[in-house]
Amino acid sequence: MIFNVDIVRADFPILELNVHGYPLAYLDNAATAQKPSQVIKCLQNYYEYQNANIHRGTYYLTEFATELFEEARKSIQQFINAKHQHECIFTRGTTEGINLVANGFTRAVLKPGDEIIISQTEHHANIVPWQMACEYSGASLKIIPCNNAGELEIDRYIELLNPKTKIVAIAHICNALGAINPIKEMITLAHQNGTPVLIDGAQAIAHQSIDVQDLDCDFYCFSGHKVYGPTGIGVIYGKTDWLERLPPYQGGGEMIQTVTFLKTIYNHLPYKFEAGTMPIAQAIGLQSAIEYLQKIGTANILQHESMLLRYALEKMKDEATINFIGYPKERAPIISFLLADIHPHDVGTILDHKGIAVRTGQHCAQPTMDRFGVNATIRASFGIYNTFSEIDRLIDGLRDAVKLFKR
Ligand code: 7TS
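Calculation rules
- Residues numbered from 1 in each chain as written.
- Predicted model: local features only at pLDDT ≥ 70, side-chain atom pairs only at ≥ 80, totals over all residues.
- Heavy atoms only, no water.
- 1 Å grid on protein atoms, 1.4 Å probe; cavity = no way out; pocket = protein on both sides within 12 Å on 5 of 7 lines; lining within 4 Å.
- Points joined across faces, edges and corners; volume = space filled by probe spheres on them.
- Helix = DSSP H or I, 4+ residues; strand = E, 2+ residues; numbered from the N terminus.
- Nonpolar A, V, L, I, M, F, W, Y, C, P; charged D, E, K, R; others polar.
- Domains from an automatic or database assignment.
- Near = heavy atom within 4 Å.
- Polar contact = N/O pair within 3.5 Å; in protein donor to acceptor, adjacent residues only side chain to side chain.
- Sits in = over half its atoms within 2 Å of the grid points.
- Pairing = 2+ DSSP bridges.
- Axes fitted to C-alpha atoms, helices over the stretch in contact; angles between N-to-C directions.
- Contact = heavy atoms within 4.5 Å.
- Buried < 20%, exposed > 50% of the residue type's maximum accessible area, 1.4 Å probe, protein only.
- Arc of directions from axis to C-beta.
- Expected span 1.5 Å × (residues − 1).
- Right-handed = clockwise from strand over helix to strand, strands pointing away.

Reported here for the largest pocket is a volume of approximately 350 Å³. Around the largest pocket, the lining is made up of 27 residues, and of these Thr-94, Thr-95, His-123, Ser-223 and Lys-226 lie nearest the centre. Among the elements that take part in the lining of the largest pocket, helix H4 (residues 94–108) stands out by supplying three residues, more than any other. Considered class by class, the residues forming the lining of the largest pocket number eight nonpolar, 12 polar and seven charged. For the lining of the largest pocket, the two domains that each supply at least three residues are domain 1 (5–30 + 298–406) and domain 2 (40–294). Reported here for the second largest pocket is a volume of approximately 180 Å³. Around the second largest pocket sit 13 residues that line it, and Phe-79, Ile-205, Gln-208, Ser-209 and Thr-298 are the ones nearest its centre.

Okay, structure coming up:
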């Protein structure tokens, strides 16, 4: 398919909105992506004609809904190139995926004196669950520092790895700075140390083609809503051996084979980790988002987004008032910056009044902010439907903000 951003934009009803009298320029894709009408219609169709609970009963609708749900799992397996369908567990999102693994490690792996490695630039979702794991197991957290560009210091990582390291948990792409971490190399290094690796793919899933077998990661998690799918759904991929070894995360219906008051036998994978009624419509909606992206083509998406990124960086570099926070060589279409000495929230409000949506604040990455000595940044993040003219509007909006505050 030949990529045409206008055709892509026509699939996203929300982009027709006017905000404060201006067409919406949605530049907060790192927080959540907008949904194409294909996904919205898929959800509506499910609730109108396909809704039933799954894996139970013998009637037509329940069997059909079960088939659709398992088809969604299959398409996710193919999307990330997992070896087996049962290695793809549905969750509520990235946060739940990390909690599932951290909780399992706390109960089945970690002992006092063990170590967990994360990095200085993680989202809180990849910090707090590991702090909780340390609190309950007596393990301790070791932090890979980053340099001024926002890149992880791999020499320090190598020094941190040792026989006590029981898991490494790293973001594929840093949400606050946009840095693409060298995870393949980091996974190899961890495996040489006999340590499994969890990759937080919340940002990467929308901007990279993911092959979990090629990466050889032990766990990979992501959220549906950042990849143009619904909220309330995500995936944790895990290698079979690890998923077999970890205990269930939650108890309830579906995750059991038999229950008596004496003993409960857990279900096999993937159901062992899918307690209760799952977000069925959302899983099917996620499949529809994946199919939508596959139709556009990963190569087209990557090319369009890297052109937007290059254009934005070039333009922003010319603005003396812009101070980049982190300037990694390998970067996803995410840019964090400050504008003169204006508070990011004020900049965000001024941009909003011109119809431009960016995120301002800590981006759920307080340690990253601390590393750069700032309280907050302005963050622009691009997706498949963004245009050069929206970037021009962002630059104009920033110039206007400077003028307003220098008056
Ligand atoms: N990890 C990373 C790297 C993220 O960017 C996010 C969400 C999460 C984990 C948590 O994902 P969730 O879907 O479970 O909430 N990041 C952002 C953000 O940058 N702005 O809003 C949410």
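Still to come is the rest of the account.
This paragraph deals with the site of the ligand. Neighbouring the ligand are 15 residues; Thr-95, Asp-200, Ser-223, Arg-359 and Arg-379 lie closest to it. Asn-175 has a polar side-chain atom sitting 2.8 Å from an oxygen atom of the ligand. In this structure, Arg-379 approaches the ligand through a side-chain N or O atom, which is 2.6 Å from an oxygen atom. Mapping the ligand onto the cavity grids shows that it belongs to the largest pocket. Residues belonging to the shell around the ligand are distributed by class as follows: four nonpolar, seven polar and four charged. Structurally, the shell around the ligand is a two-domain feature, drawing no fewer than three residues from each of domain 1 (5–30 + 298–406) and domain 2 (40–294).

This part covers the pairing of strand S11 (residues 256–259). Taken together, the three bridges between S11 and strand S12 (residues 264–266) define a ladder with antiparallel strand orientation. In the sheet register, Val-259 faces S12, and the bridge partner there is Thr-264. Here S11 folds back onto S12 in antiparallel fashion, the turn holding four residues.

Taking strand neighbours across the sheet as the criterion, the seven strands line up as S4-S10-S9-S8-S7-S5-S6 in an open arrangement whose pairing is mixed. Across the chains shown, the open sheet's two edge strands, defined by having one partner strand only, are strand S4 (88–91) and strand S6 (140–144). Mean inter-strand twist for the sheet, computed between neighbouring axes without regard to direction, equals 20°. By the bridge criterion, five bridges tie strand S9 (residues 219–223) to strand S10 (residues 234–238) in an arrangement that is antiparallel. In the strand pairing of S10, Ser-223 is matched with Gly-234. Packed onto the sheet, H4 meets S4, strand S7 (165–171), strand S8 (197–200), S9 and S10 and runs at close to 150° relative to S9.

Turning next to helix H5 (residues 128–137). The set of residues buried in H5 consists of Pro-129, Trp-130, Ala-133, Cys-134 and Ser-137. Down the axis of H5, the smallest arc covering the buried residues is 145°, so these residues share one side. For H5, the exposed residues set more than 90 degrees away from the buried face come down to Glu-135 and Tyr-136. The first or second residue beyond H5 is Gly-138, which carries a positive phi of 85°.

This brings us to helix H14 (residues 388–406). With 19 residues, H14 should reach 27 Å at 1.5 Å per residue; the first-to-last C-alpha distance of 27 Å fits that figure. Among the residues making up H14, those that are buried are Glu-390, Ile-391, Leu-394, Ile-395, Gly-397, Leu-398, Ala-401 and Val-402. Buried residues along H14 cover an arc of 160° about the axis, so they all sit on one side.

What follows deals with the sheet that holds strand S16 (residues 359–361). Reading across the sheet, the four strands line up as S13-S14-S17-S16 and stay open at both edges, with antiparallel pairing between neighbours. Whereas interior strands pair on both sides, the edge strands pair on one side only; in this sheet they are strand S13 (322–324) and S16. This sheet shows a mean twist of 35° between the axes of neighbouring strands, independent of strand direction. Here S16 runs beside strand S17 (residues 377–381); their pairing, made up of three bridges, is antiparallel. If you follow Arg-359 over to S17, its bridge partner there is Arg-379. Across the sheet, helix H11 (residues 298–317) touches S13 and strand S14 (334–339), and the angle it forms with S14 is around 15°.

This brings us to the pairing of S8. Side chains Val-197 and Ile-199 of S8 all project onto a buried face; the interleaved residues Leu-198 and Asp-200 project onto the opposite face, where all are buried too. Relative to S8, S7 runs parallel, the two being bridged by four bridges. Of the residues in S8, the one forming a bridge with Val-168 is Val-197. Read from S7 through helix H7 (residues 183–192) to S8, the crossover connection turns out right-handed. Across three bridges, the pairing between S8 and S9 is parallel. Following the sheet pairing, Leu-198 is matched in S9 by Phe-219.

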